[in-house]
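# Tertiary structure, described
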Amino acid sequence: MNIKDLTLFVRTAQTCNITASALQLEMSPAAASAALKRLEKQLGVQLFIRSTRKLRITAEGERYLVHCTEALAALEKGKASLNEIQGKIAGEIRLSASSDLGRNIVLPWLDEVMDAYPELSIQFNVGDNLADFYHDKIDMALRYGEPEDSSLVAFLIAKIDRVVCASPAYLAQYGEPHHPNDLSQHNCLFYRFGERVYDTWPFIDSTGISTGKNTVKSAGKSSGKYKVKVSGNRLSNDADVVHRWVVAGKGITMKSRLDMAADLRSGHVVELLSDFNSPPINLWLIYG
């Protein structure tokens, strides 16, 4: 059977849209429709139920989809093994990364790698929602925080400390906080993941200064760990938006030092509360 026809079938089953699948494979919708009919004729079954309003996969199509997906994946692995024997770095990388990390850190690295190895191709999914390894066909993902799915293989890349920062323009107008409790007098910029709003910031007091009444000590701890509830007028579910806000002077935020490294070096933002460390966050490489 024609491999392109099989690939088209899998894409169409995923999108339930012949036109969208055809565009992905650089085909005309008419050619794609003819290819699917040709595949159905070869198999002797109807793979899709077509109507003027929508396309729906049949029970036979669902059954065939499992085997077809496995067969295409096996062919890709075979191609990759031949490249390995020939000493080539080639094939397709399907990578997912969180928004700020993906756009500002990983993307330039990918450009360098692909310039060095032109036989590579990339599918790069950027966003703060957790990657669906099956539905999105992801090979690997770069994510902050502990992996929640125990069925995935995860490698700890680094422990990244977090930094409280603001732009020089913001500090010139509103002043600089010298203790975490001073953040109550400032506009803080928030990130939301799912239903959780990250408006309680953790600190480790290395100064011996009293934490004050606006903080909450970690239960059962005597090591100076505590959390500060902050407030502000800007919240986003996209970490890169929060990054842009802080550089633009809209407030103070707490973010990964890796995400803010270039702006800290250039002076676009200034590190604050350096005597009050924040617990590091883990960066993981996750395989499906």
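Let me begin by describing the structure that accompanies this report. Computed from a prediction, not measured in an experiment: that's the story for all the values here.

Reading guide: rules and limits
Numbering of residues begins from 1 in every chain and follows the order in which that chain's sequence is written. For a predicted model such as this one, the threshold for reporting local features is a pLDDT of at least 70, and the threshold for listing and counting side-chain atom pairs is 80 or more; totals across whole chains, interfaces and linings nevertheless cover every residue. Hydrogens and water molecules were not included; the side-chain quantities draw on all heavy atoms of the structure. Here, any two strands with at least 2 DSSP bridges between them count as paired. Only DSSP runs of H or I covering at least 4 residues are called helices, and only runs of E covering at least 2 are called strands; the numbering of each starts at the N terminus. Axis definition: a line fit to C-alpha positions, over the contact stretch in the case of helices; interaxial angles, taken between N-to-C directions, run 0 to 180 degrees. Two residues qualify as a contact provided that any one of their heavy atoms is within 4.5 Å of a heavy atom in the partner residue. Here the word oblique covers every angle except those under 35 degrees (roughly parallel), over 145 (roughly antiparallel) and from 65 to 115 (roughly perpendicular). For this classification, Asp, Glu, Lys and Arg are treated as charged, while Ala, Val, Leu, Ile, Met, Phe, Trp, Tyr, Cys and Pro are nonpolar and the rest, including Gly, are polar. When a carboxyl oxygen of Asp or Glu lies within 4 Å of a side-chain nitrogen of Lys or Arg, that pair is called a salt bridge. Only protein chains enter the area calculation, which uses a 1.4 Å probe; residues under 20% of their type maximum are buried, those over 50% are exposed, and those in between are partly exposed.

### Let's talk about the sheet that holds strand E14 (residues 253-256)
- Spatially, E14-E7-E15 is the arrangement adopted by the three strands of the open sheet, whose pairing is antiparallel. Each edge of the open sheet is held by one strand with a lone partner, namely E14 and strand E15 (270-272). The sheet shows a mean angle of 55° between the axes of neighbouring strands, direction not considered.
- Pairing of strand E7 (residues 162-166) with E15, which is carried by three bridges, proceeds in the antiparallel orientation. Bridge pairing in E15 links cysteine 165 to glutamate 271.
- Sheet strands touched by helix H8 (residues 257-266): E7, E14 and E15. Its angle to E14, the strand with the most contacts, is close to 105°.

### Topic: the packing of helix H5 (residues 99-116) against helix H7 (residues 239-247)
- With their axes 6 Å apart at the nearest point, H5 and H7 run at an angle of 65° to one another. Our classification of the angle between H5 and H7 gives roughly perpendicular. In this structure, H5 contributes Ser99, Asp100, Arg103 and Asn104 to the contact, and H7 contributes Ala239, Asp240 and His243.
- Residue composition of the contact of H5 with H7, by class: one nonpolar, three polar and three charged.

### Some words on the pattern of salt bridges
- In this structure the tally under the stated criterion is 12 salt bridges.
- Put simply, aspartate 5 and arginine 38 hold a salt bridge, and the shortest N to O gap is 3.0 Å. Here aspartate 5 is found in helix H1 (residues 3-15), whereas its partner arginine 38 is found in helix H3 (residues 29-43), with 33 residues between them in sequence.
- Residue aspartate 5 is classed as buried on the basis of its relative accessible area of 4%.
- As a salt-bridge pair, arginine 257 and aspartate 161 come within 2.9 Å of each other at their nearest N and O atoms. Residue arginine 257 is found in helix H8, and its partner aspartate 161 is found in the loop between strand E6 (153-160) and E7; the two are separated by 96 residues along the sequence.
- For arginine 257, a relative accessible area of 27% puts it in the partly exposed group.

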